[in-house]
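# Structural characterization, general
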Amino acid sequence: VQLQASGGGLVQAGGSLRLSCVASGRTLSNYMLGWFRQAPGKEREFVAALRWSGGNTYYADSVKGRFTISREIAKKTVYIQMNNLKPEDTAVYYCAAGSGIILTTVSRRSVYDYWGQGTQVTVSS
């Protein structure tokens, strides 16, 4: 699976951005598609995930109610709509894909086999 992320940029606090991640290669029917982020000097952390088959979604507590992950099946694309952005959301955002991921491990980096390049999101105060 190849992943291509896009949509990052500079936005003021309270603003919105939508990131996209286009997947190519294998069928995604058994895959979890996730978004992670990494701020300078910090570890990469889980943001949200979506089970491609069924569309179940999962979120980190820090983004619940502000971020929404969704998919467009025909385009093999997963989105993350980010609203009410805060300076602490500033990070490089990565999309990832993994197969056979169970609910209890959805936030672990190690269970995702494929990663896209990052896209920078900067939120100014």
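Residues numbered from 1 in each chain as written. Predicted model: local features only at pLDDT ≥ 70, side-chain atom pairs only at ≥ 80, totals over all residues. Heavy atoms only, no water.

### Remarks on the packing of aromatic side chains
Given two aromatic rings, one states the distance between the centres and the angle between the planes to describe the pair. As a reminder of what qualifies: For Phe, Tyr and Trp, rings pair up if their centres lie within 6.5 Å, where Trp contributes its six-membered ring, and each pair is then called stacked (planes under 30 degrees apart), edge-to-face (over 60) or tilted (otherwise). Here a helix means four or more residues in a row that DSSP labels H or I, a strand means two or more in a row labelled E, and each is numbered from the N terminus. Think of it in three bands: residues with accessible area under 20% of the maximum for their type are buried, residues over 50% are exposed, and the middle band is partly exposed, with areas taken using a 1.4 Å probe on protein chains only.
Taken as a whole, this structure holds five aromatic pairs when the rule is applied. With a centroid separation of 5.7 Å and an interplanar angle of 75°, the aromatic rings of Phe36 and Phe46 are classed as edge-to-face. In this pair, Phe36 is assigned in strand E4 (residues 31–38) and Phe46 in strand E5 (residues 45–51), connecting sequence segments ten residues apart. A relative accessible area of 0% places Phe36 in the buried class.

### What to know about the environment of Ser24
We count it as follows: Residue contacts follow a heavy-atom distance rule, with two residues in contact if any of their heavy atoms lie within 4.5 Å.
By the secondary structure assignment, Ser24 is in strand E3 (residues 17–24). Since its relative accessible area comes to 35%, Ser24 is described here as partly exposed. Dropping the residues within four chain positions of it, Ser24 is found in contact with Val1, Gln2 and Lys76.

### Observations concerning the side chain of Asp89
We apply this condition: Here a polar contact means two N or O atoms within 3.5 Å. Within protein one must be a hydrogen donor candidate and the other an acceptor candidate, and residues neighboring in sequence count only if both atoms are side-chain atoms.
Mapping Asp89 onto the fold places it in the loop between strand E8 (77–82) and strand E9 (91–99). Of note is the side chain of Asp89, whose polar atom sits 2.9 Å from the side chain of Arg37. A distance of 2.8 Å separates a polar atom in the side chain of Asp89 from the backbone nitrogen of Lys86.

### Considerations on the sheet that holds strand E1 (residues 2–6)
What counts is decided by this rule: Any two strands with at least two DSSP bridges between them are considered paired. Axis definition: a line fit to C-alpha positions, over the contact stretch in the case of helices; interaxial angles, taken between N-to-C directions, run 0 to 180 degrees.
Read from one edge to the other, the open sheet built from four strands follows the order E1-E3-E8-E7, with strand pairing classed as antiparallel. For this open sheet the edge positions go to E1 and strand E7 (67–72), each flanked by a neighbour on one side alone. Neighbour-to-neighbour, the strand axes of the sheet open up by a mean angle of 20°, direction not taken into account. In this sheet, E8 lies alongside E7 in antiparallel orientation, the contact comprising six bridges. Directly across from Phe67, in E8, lies its bridge partner Met82.

### Digging into the environment of Tyr59
By secondary structure assignment, the location of Tyr59 is in strand E6 (residues 57–59). When the C-alpha positions of Tyr59 and Ile69 are compared, they lie 8.5 Å apart, and in sequence the two are ten residues distant. Discounting chain neighbours no more than four positions away, the residues touching Tyr59 are Phe46, Val47, Ala48, Lys64, Phe67, Thr68 and Ile69. Of note is the side chain of Tyr59, whose polar atom sits 2.9 Å from the backbone nitrogen of Ile69.

### Overview of the pattern of salt bridges
Applied cut-off: Only one rule defines a salt bridge in this text: a Lys or Arg side-chain nitrogen within 4 Å of an Asp or Glu carboxyl oxygen.
One pass over the full model with this rule turns up six salt bridges. Note that Arg37 and Asp89 form a salt bridge whose closest N and O atoms lie 2.9 Å from each other. Remark: Asp89 occurs in the loop between E8 and E9 and Arg37 occurs in strand E4; sequence separation between them is 52 residues. The salt bridge partner of Glu43 is Arg109, with a shortest N-O separation of 3.9 Å. Linking Glu43 in the loop between E4 and E5 with Arg109 in the loop between E9 and strand E10 (114–115), this pair joins segments that are 66 residues apart in sequence.

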